[in-house]
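Topology and contacts: notes
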Amino acid sequence: MSGLPPDDVLADYLAQELHPDPNRAQGVLNVLTALRQGRQERWDVTGETWSVELNRARASIHSEVAIPGRSQDLPLEEFEAAIRSWLEFMELSRAH
């Protein structure tokens, strides 16, 4: 899976870090809920190929091993919508 720049970073993050484990996507959604409710100020995680930094306003995705310097910043709501869509996609794929 790959999108067009700049969304290729988000698409690659979803495909490489969250696929095929729905539990990973659900875990990120749980963190987003904690951020939104003020139970957590920020969340940083380094994955296998991508790192993600989340705060109450923004999500920043950075390449760890792919092309150095590949990154994308987006509003937290947009990042959450992408994670929810990805989770729905994975659940539909598993159902068929």
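The structure we're discussing is the one just above.
Because the structure is a prediction, the values reported are computed rather than measured.

**Considerations on the sheet that holds strand E2 (residues 50–55)**
- Strand order across the open sheet formed by 4 strands is E1-E2-E3-E4, with antiparallel pairing between neighbours. The sheet is open, and its two borders are formed by strand E1 (42–46) and strand E4 (71–75), each paired with just one other strand. With strand direction ignored, the average angle separating the axes of adjacent strands in the sheet is 10°.
- In the sheet, strand E3 (residues 58–63) pairs with E4 via 5 bridges, with the strands oriented antiparallel. Bridging across to E4, Ala59 finds its partner in Leu74.
- The strands that helix H2 (residues 22–36) touches are E1 and E2; relative to E2, the one it contacts most, it runs at about 25°.
- Here helix H3 (residues 76–95) sits on the sheet in contact with E2, E3 and E4, set at roughly 105° to E4.

**Brief notes about the pattern of salt bridges**
- Under the criterion given, the structure shown has 7 salt bridges.
- The closest approach of N and O atoms between Arg70 and Asp8, which form a salt bridge, is 3.0 Å. With Arg70 in the loop between E3 and E4 and Asp8 in helix H1 (residues 7–18), the pair connects residues that are 62 residues apart, well separated along the chain. The residues Arg70 and Asp8 share a single accessibility class, namely buried.
- In this structure, Glu80 and Arg84 form a salt bridge, with 2.9 Å as the shortest nitrogen-oxygen distance. Highlighted residues: Glu80 and Arg84, both in helix H3, separated by 4 residues, approximately one helical turn.
- With a relative accessible area of 38%, Arg84 lands in the partly exposed category.
- Several salt bridges converge on common partners, so that one network encompasses Asp8, Asp12 and Arg70.

The rules behind the values
Residues numbered from 1 in each chain as written. Predicted model: local features only at pLDDT ≥ 70, side-chain atom pairs only at ≥ 80, totals over all residues. Heavy atoms only, no water. Pairing = 2+ DSSP bridges. Helix = DSSP H or I, 4+ residues; strand = E, 2+ residues; numbered from the N terminus. Axes fitted to C-alpha atoms, helices over the stretch in contact; angles between N-to-C directions. Contact = heavy atoms within 4.5 Å. Salt bridge = Lys/Arg side-chain N within 4 Å of Asp/Glu carboxyl O. Buried < 20%, exposed > 50% of the residue type's maximum accessible area, 1.4 Å probe, protein only.

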